[in-house]
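# Structure at a glance
As a plain string of letters, each chain reads:
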Amino acid sequence: MSISLIAGARPNFMKIAPLVPAFRAVGLTPRLIHTGQHYDRRMSDTFFEELEIPEPDVNLGVGSGSHVWQISEVMRRLESDFIEHRPAAVVVVGDVNSTLAAAIAANKLRIPVAHVEAGLRSFDRAMPEENNRIMTDAISDWLFISEPSGRENLAREGVAESRIHLVGNVMIDTLLRHLERARGQRAWLQFGLEPRQYVVLTLHRPSNVDDPRRLESILRAVHEVSRQWPVIFPLHPRTKSQIEQHGLAQRSDLNGYQQIEPQGYHAMLGLMEAARFVLTDSGGIQEETTALGVPCLTLRENTERPVTVTHGSNQLVGWRTDDILAAVRRLPEDAPRSSSIPEMWDGRSAERIAEILARGIIE
Ligand code: UD1
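Residues numbered from 1 in each chain as written. Predicted model: local features only at pLDDT ≥ 70, side-chain atom pairs only at ≥ 80, totals over all residues. Heavy atoms only, no water.

## A word on the sheet that holds strand β10 (residues 258-260)
To summarise the sheet geometry, strands pair through backbone hydrogen bonds and adopt either a parallel or an antiparallel arrangement. The strand order across the open sheet formed by 6 strands is β10-β9-β8-β11-β12-β13, and the pairing between neighbours is parallel. Taken across any chain shown, the strands that pair with only one partner, and hence form the sheet edges, are β10 and β13 (314-316). When the angles between neighbouring strand axes are averaged without regard to direction, this sheet yields 20°. Note: strand β8 (residues 199-202) against strand β9 (residues 231-234), 2 bridges, orientation parallel. Note on β9: the bridge partner recorded for Val199 is Val231. Packed onto the sheet, helix α13 (residues 265-273) meets β8, β9, β10 and β11 (277-280) and runs at close to 130° relative to β8. (Pairing = 2+ DSSP bridges. Helix = DSSP H or I, 4+ residues; strand = E, 2+ residues; numbered from the N terminus. Axes fitted to C-alpha atoms, helices over the stretch in contact; angles between N-to-C directions. Contact = heavy atoms within 4.5 Å.)

Okay, structure coming up:
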C-alpha cells in the first residue's frame, strides 16, 4: 500500500524522519517527495544525512519565490506525481507552504490527506503559517495532534471528533533518538563556549526580521545580553539578507553576537541542550527546549504551541528590548532545568500515526 510523504522545508525533515520506518513497519510503503522549497545543503541535505532519511524518490526542485508562485508550483508538480503513482493517502507535516500545497493537490485528486501536527493555532492571521494550518486542517481526513489544545481548536472549527487523534510529537521522537549523538558532538566546544555559560539565538519569522524596527529592537536586547554571556546566532538566509540590507551588522549598539552558519541537526540540538537559555522565534525550538528542559524566551507575542508555556520551559516575551531584558533578568541565577514533558511526547508518536493510518487505509 503506497502513501506519499511530503517534505519541503527544514522544519519538515525532523518530522518525516521517524515516519518513514514507522510506515514500513506496518506494511505501508512511503513514497518520499521533497518539494525543493529549501534547497541549500545546510537547509536540507545535511538533515537527510544526519537523520538517516532515505533519498527522496523525487525532488520537485521548486525553490524560492512568492508564496502564490511557490504554492501553485508545488501543486502543479505534485499533481502529475500523484496521478502517476495514485497513493492511497498523502501525508503532510507542519505548516509550511509545501504542506498546504500538497494537501490541496491531494484533495483536488480526491486522495485522502493526513496532517501531522494538526490543530495548532496562534490566532495570528498575519503569520503565513497560521493560514497554512487552518487551510490544511480544513481539508484533512486524519488530523494528528501533538498537544491537547489541538482538540479544542479543531472542534471549534467544526472538525468531527472521530478524525482527531492525539498522538504526541514526531519531532520529539527524533530528538529522543538523536540526543546522545548530539551530546557526544559537544558542538559548543568548536565555538569556544562552556556549557550553561552561553545563549543560543535563532530568528527568522518575517514579522520580526522583515520589519527593521523590530529586528533592531531585538538585536539591541541581544547586544545587552551578550555583555553578560556569549550569544551564538546561526543565521537563517532570510535574516542574513535583512541584516545586510539594513546595515545592522555594522552598528556597534546592535552586534555582539557570534554569527555562525545554519547548523545541522546534531550540532543545533547539542548547542541548545547545553545553553543557559535560548532566545528564538521558531515554533519547533519552543518544543525542543521544552523536551530538553532548557529555558526558552520566545520573541513573539503569541504561540500556537501553548503546552510549551503551561507545561514546558517556554515564555513569550515579544520583540521589545525592555521586555526581553526584563525576562532575562527574571530567569533565576541557576536557571532551572525543570519542565514537565507534555502527554505522549515519549518517542512513539510516529508509531501511533502509522498504526492509525494503516487501520484506516486498509478498512
Ligand atoms: C519557511 C517556512 C517557515 C519555516 C522556515 C524554516 C513558509 C511560509 N515558511 O520560511 O514556516 O519556519 O521555512 O526555515 O513555508 N533561501 C535560501 N536557501 C534555501 C531556502 C531559502 O537561501 O534553501 C532563502 C531564499 O532567498 C528565500 C528565503 O530564504 O527567498 C525564504 O525562504 P522560504 O522558504 O520562502 O521561507 P522561509 O523564511 O525559509
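## Structural notes on the sheet that holds strand β6 (residues 142-145)
Taken in spatial order, the 7 strands line up as β3-β2-β1-β4-β5-β6-β7 in an open sheet, and their pairing is parallel. Every other strand in the sheet has two partners, leaving β3 (58-59) and β7 (164-166) as the edge strands with one partner each. Relative to β6, strand β5 (residues 113-118) runs parallel, the two sharing 4 bridges. Bridge assignment links His115 to a residue of β6, and that residue is Leu143. Of the strands in this sheet, β1 (2-7), β2 (29-34), β3 and β4 (89-93) are in contact with helix α4 (residues 67-85), which crosses β2 at around 160°.

## Side note on the site of the ligand
With respect to spatial proximity, 15 residues lie near the ligand, and among them Gln37, Asn97, Glu129, His204 and Arg238 are the closest. Asp40 is positioned with one of its side-chain polar atoms (N or O) 2.9 Å from a nitrogen atom of the ligand. Within the contact set of the ligand, an oxygen atom lies 3.0 Å away from a side-chain nitrogen or oxygen of His236. Considering the ligand on its own, with 740 Å² of exposed area, one finds that the protein chains cover 84% of that surface. Classifying every residue of the shell around the ligand gives 5 nonpolar, 7 polar and 3 charged. When residues of the shell around the ligand are sorted by domain, at least three fall in each of domain 1 (2-168 + 345-362) and domain 2 (176-330). (Near = heavy atom within 4 Å. Polar contact = N/O pair within 3.5 Å; in protein donor to acceptor, adjacent residues only side chain to side chain. Areas by Shrake-Rupley, 256 points an atom, 1.4 Å probe, with all protein chains shown as cover. Nonpolar A, V, L, I, M, F, W, Y, C, P; charged D, E, K, R; others polar. Domains from an automatic or database assignment.)

## Thoughts on the nonpolar core
Taken as a class, soluble globular proteins show a tendency for nonpolar side chains to be buried jointly. Core analysis: the biggest nonpolar cluster contains 60 residues, and Leu19, Phe23, Phe144, Tyr198, Leu271, Ile353 and Leu357 have the highest contact counts within it. Two domains each donate at least three residues to this core, and these are domain 1 (2-168 + 345-362) and domain 2 (176-330). Ignoring sequence-local partners within four residues, the contact set of Tyr198 consists of Trp188, Leu193, Trp229, Pro230, Ile232, Gly270, Leu271, Ala274, Ala275, Arg276 and Phe277. By size, the runner-up hydrophobic cluster in this structure holds 29 residues, among which are Leu203, Tyr257, Leu299 and Val328. (Core = buried A, V, L, I, M, F, W, Y, C linked by side-chain atoms within 4.5 Å. Buried < 20%, exposed > 50% of the residue type's maximum accessible area, 1.4 Å probe, protein only.)

## Remarks on the pattern of salt bridges
Per the stated rule, a full pass over the model turns up 31 salt bridges. With its nearest N and O atoms 3.7 Å apart, the salt bridge here joins Arg42 to Glu261. Of this pair, Arg42 sits in the loop between β2 and α3 (45-50) while Glu261 sits in the loop between β10 and α13; the two residues are 219 residues apart in sequence, bridging distant segments of the chain. Residue class for Glu261 comes out partly exposed when judged on its relative accessible area of 43%. Arg77 serves as the salt-bridge partner of Glu73, at 3.0 Å between the closest nitrogen and oxygen. Here Glu73 pairs with Arg77, and both are found in helix α4, just 4 residues apart, close to one helical turn. Its relative accessible area of 11% is what places Glu73 among the buried residues. (Salt bridge = Lys/Arg side-chain N within 4 Å of Asp/Glu carboxyl O.)

## Brief notes about the domain arrangement of the protein chain
Assigned domains of the protein chain: these are domain 1 (2-168 + 345-362) and domain 2 (176-330). For domain 1 versus domain 2, the separation of C-alpha centres amounts to 26 Å. In this assembly, domain 1 packs against domain 2 so that about 2,100 Å² is buried in total across both faces, 56% of it on carbon and sulfur atoms. Together, Arg42, Glu50 and Trp345 form the three largest contributors to the area buried by domain 1 at its contact with domain 2, with a combined 27%. One can count 5 salt bridges joining domain 1 with domain 2. A salt bridge links Arg181 to Glu52, with the shortest nitrogen-to-oxygen separation between them at 3.6 Å. Contributions of two or more residues to the side of domain 1 that touches domain 2 are made by α1 (10-16), α3 and α6 (128-138). Here the residues of the side of domain 1 that touches domain 2 are counted per class, giving 8 nonpolar, 5 polar and 12 charged. (Buried area = accessible area lost by both parts, 1.4 Å probe.)

## Details of unusual backbone geometry
Although it is not a glycine, Arg86 adopts a positive phi angle of roughly 40°. Take Arg86: it is sitting in the loop between α4 and β4. Although it is not a glycine, Met344 adopts a positive phi angle of roughly 65°.

## Description of the side chain of Arg352
Examined against the element boundaries, Arg352 turns out to sit in helix α17 (residues 349-362). With a relative accessible area of 17%, Arg352 lands in the buried category. Apart from residues lying up to four places away in sequence, Arg352 is in contact with Val167, Met344 and Asp346.

## Some words on the packing of α4 against helix α5 (residues 97-108)
Two elements in contact, α4 and α5, have axes separated by 8 Å at closest approach and are oriented at 45°. Judged by the angle between their axes, α4 and α5 are oblique. In the packing of α4 onto α5, the handedness of the crossing is right-handed. From α4, His67, Gln70, Ile71, Val74, Met75, Leu78 and Phe82 reach across to α5, where they touch Asn97, Ser98, Leu100, Ala101, Ala102, Ile104, Ala105 and Ala106. (Parallel < 35°, antiparallel > 145°, perpendicular 65-115°, else oblique. Left-handed = near helix turned anticlockwise from the far one by under 90°.)

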